[in-house]
Every structure is written in C-alpha cells, then in structure tokens.
Amino acid sequence: MIIINILQLIFLSLWTIFIVYICAPFLNYNGAWYITTHWWAGGCARILFSKIKIEGLENLDPKQHYIFMANHSSYFDIACLFYATKRRLHFIAKQELGRQFFTGYMLRKLKIIFIDRSNALRSATSMRQAIETIKSGKDIAIFPEGTRTKTGKLGVFKKGGFKMAIQSQTPIVPVVIENSAKAWARNNITFRPATVVVRFCKPVETAHLTENDAQILSEKVRGSFE
C-alpha cells in the first residue's frame, strides 16, 4: 500500500503540474475555471481511486449566488467542492497558498481571495474584496474553521465569514463533506479508496440581519452539520 500511495502522490503532483503549468497559461479566466472544475477535480478523485457522491443539489438555485461554508479535514475537500458544484467558487485562502509551487499560479489566475492573517489591515482589505466579489454576482467558498481539523471533529467557527454574509446579505449554504480525510489523510501521503459525500444543506438566509447577529447566524449554520 505504501508503494501505491507514493505512486498516487507522484501522479497527483504531475496531474496538478500539467493543469497549472501546461494547460492554464494558454487559457483565459473562463477556460481556467472550466479545466479546474471539470478536469482537475475529477482527475484527482480517479487518482485516489475514490468516488464523489453529491447530495442536496436541489437546494441550490442556479440563478442565485451563495457563500458556501464547508467543514474541512483534508486538502481533497477543495477538489470535492469544485467537482460537486461545477461553480466558480472564489475561495478565501491563506496568503501562503498563493506562493506554493503547485497551486499558486492557478489560484491567482482564478482570482482566489488571499488573506494575510498576520496583518489585520490587510485582512480587512481582503474581506472587503470578498464582499465586492459577492456583490458582483460570484460565489464565495469558506472553511469557517479556518484550517483543517486534526481530529475529524468540527472545530470552532471563526466569525469573519458570517459578518461578510451579513454585510453582503448573501445566503449561506452549509456543505457537509464526509470521508474526505479517509481518501486523502491530513499527513498528505496516506490515501485510501473512499466514497466522499458532499451534501448541500438548505441555504441559511441573512436578509435583515445585522453584524450583532453574527453569533446567532454562526450557531444556525453549525446546526446544519450536526
């Protein structure tokens, strides 16, 4: 199994390099999104010998944009969200990801929103950028825990995403992702065949809420995961 995992890691790396550095430079913004959601995400699942099962798509209005909030236990969560929605999900990601060899170029091309957590002023600027992105009719994706969980249990939700949802008056779609940590473990070198379930819950409305309601909104969204 160790040899298979090493081969999978090599193929994941080569597949990502092919998409990012061979295909993407010749594509415009729209093309880059297409190969990310239709090629890269599905290709990752096949390399991992895993399947992605999608539930709850009937809860989404194709004409409505949302803030998608998902639990986070594996890097595979990102590919699963792209694959399941086929939407242009503008993730809010930590700034360090924009400098990584494997993902940085593509994330910048897709106009992912980076947040500098070490600088409050820059972080606030990124949040304002995210709000403008939402208001322009685009979808945002957030992992409200802020990072991958070490235990598999749902962590504490940070309030920034909920304040953003209230300020932009955008519905939140809780997304429950199951078994992704089995398919792609947190150590990033252990892979096991799995059926990863991506379940879209009913949207949580934010209309008429104020920032004072951020905690209540957070608890309501969290309830969808329990």
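Shown above is the structure to which this text applies.
It should be emphasised that the depicted structure is a prediction, and the values quoted were computed from it without experimental measurement. Within any chain, residue numbers begin from 1 and follow the written order of that chain's sequence. For a predicted model such as this one, the threshold for reporting local features is a pLDDT of at least 70, and the threshold for listing and counting side-chain atom pairs is 80 or more; totals across whole chains, interfaces and linings nevertheless cover every residue. As a convention, hydrogens and water are excluded, and side-chain values are obtained from all of the structure's heavy atoms.

(A) Quick look at the overall build of the protein. Regarding its fold elements, the protein presents 8 helices and 7 strands. Projecting the C-alpha coordinates of the protein onto the three principal axes gives extents of approximately 55 × 40 × 35 Å. With a 1.4 Å probe rolled over the protein chains alone, any residue whose accessible area is under 20% of its type maximum counts as buried; one over 50% counts as exposed, and the rest are partly exposed. Residue burial in the protein is summarised as follows: out of 226 residues, 49% are buried. In what follows, a contact means two residues having at least one pair of non-hydrogen atoms within 4.5 Å. Long-range pairs, those at least 24 residues apart, make up 73% of the contacts in the protein with a sequence separation of at least 6. Here the protein holds 30 positive side-chain charges and 15 negative ones, and the gap between their average locations is 8 Å. By definition, any uninterrupted DSSP run of H or I lasting at least four residues is a helix, any uninterrupted run of E lasting at least two residues is a strand, and each is numbered from the N terminus. Within this scheme the basic residues Lys and Arg register as positive and the acidic residues Asp and Glu register as negative, but His and the chain ends are omitted. Positions of charges follow a simple convention, taking NZ of Lys, CZ of Arg, CG of Asp or CD of Glu.

(B) Seen up close, the nonpolar core. As used here, the term nonpolar core means buried Ala, Val, Leu, Ile, Met, Phe, Trp, Tyr and Cys residues forming a set that is joined through side-chain atoms within 4.5 Å. Membership of the largest hydrophobic core comes to 47 residues, with the highest contact counts inside it found for F68, F76, L81, F91, M106, V175 and F200. Among the elements of the structure, α1 (2-23), α2 (29-47), β2 (67-70), α3 (76-85), β3 (89-94), α4 (104-109), β6 (172-178) and β7 (195-200) are those that each provide at least two residues to this core. Among the elements that line this core, the one with the most residues is α2, at 9 residues. The contact partners of F91, leaving out residues within four places of it in the chain, are I78, L81, F82, I112, I113, A141 and F143. Listed in part, the 23 residues of the second largest apolar core include A130, I131, M164 and L217.

(C) Quick look at the layout of surface pockets. A cavity here means a set of 1 Å grid points, computed over protein atoms only, where a 1.4 Å probe fits but cannot escape. A pocket is an open set with protein on both sides within 12 Å along at least 5 of 7 lines, and lining residues have an atom within 4 Å of a point. Grid points are joined across faces, edges and corners, and a volume is the space filled by probe spheres set on the points. The computed volume of the largest pocket comes to approximately 1200 Å³. Taken together, 42 residues form the lining of the largest pocket, with H72, Y75, I78, A93 and L97 sitting closest to its centre. Among the secondary structure elements, those contributing two or more residues to the lining of the largest pocket are α1, α2, α3, β3, α4, α5 (120-135) and α6 (160-168). It is α1 that provides the largest number of residues to the lining of the largest pocket, a total of 6 residues. Split by residue class, the lining of the largest pocket holds 25 nonpolar, 12 polar and 5 charged. Asp, Glu, Lys and Arg are counted as charged, while Ala, Val, Leu, Ile, Met, Phe, Trp, Tyr, Cys and Pro are counted as nonpolar; the rest, among them Gly, fall into the polar class.

(D) Broad picture of the pattern of salt bridges. Whenever Lys or Arg places a side-chain nitrogen within 4 Å of a carboxyl oxygen from Asp or Glu, that contact is recorded as a salt bridge. For the structure on display, the rule yields 4 salt bridges. Between E55 and K53 there is a salt bridge; the shortest N-O distance is 3.5 Å. Using a relative accessible area of 25% as the deciding quantity, one classes E55 as partly exposed. A salt bridge links E55 to R199, with the nearest nitrogen and oxygen atoms 3.0 Å apart. Taken together, the positions of E55 in strand β1 (residues 51-55) and R199 in strand β7 put the pair 144 residues apart, joining distant regions of the chain. R199 sits in the partly exposed class, given a relative accessible area of 26%. Through salt bridges with shared partners, a single ionic network connects K53, E55, E178 and R199.

(E) Layout of the sheet that holds strand β5 (residues 139-142). Spatially, 7 strands are ordered β1-β7-β6-β2-β5-β3-β4 in an open sheet, and the strand pairing comes out mixed. Strands at the two margins of the open sheet, each flanked by one partner only, are β1 and β4 (113-115). Neighbour to neighbour, the strand axes of the sheet diverge by 25° on average, direction disregarded. Here, strands pair whenever DSSP counts at least two bridges between them. Pairing of β3 with β4, which is carried by 3 bridges, proceeds in the parallel orientation. Across the sheet, residue I92 finds its bridge partner in β4, namely I113. The strands that α6 touches are β2, β3, β5 and β6; relative to β2, the one it contacts most, it runs at about 160°. In this analysis an axis means a line fitted to C-alpha atoms, helices contributing only their contacting stretch, and an angle means the value between N-to-C directions, from 0 to 180 degrees.

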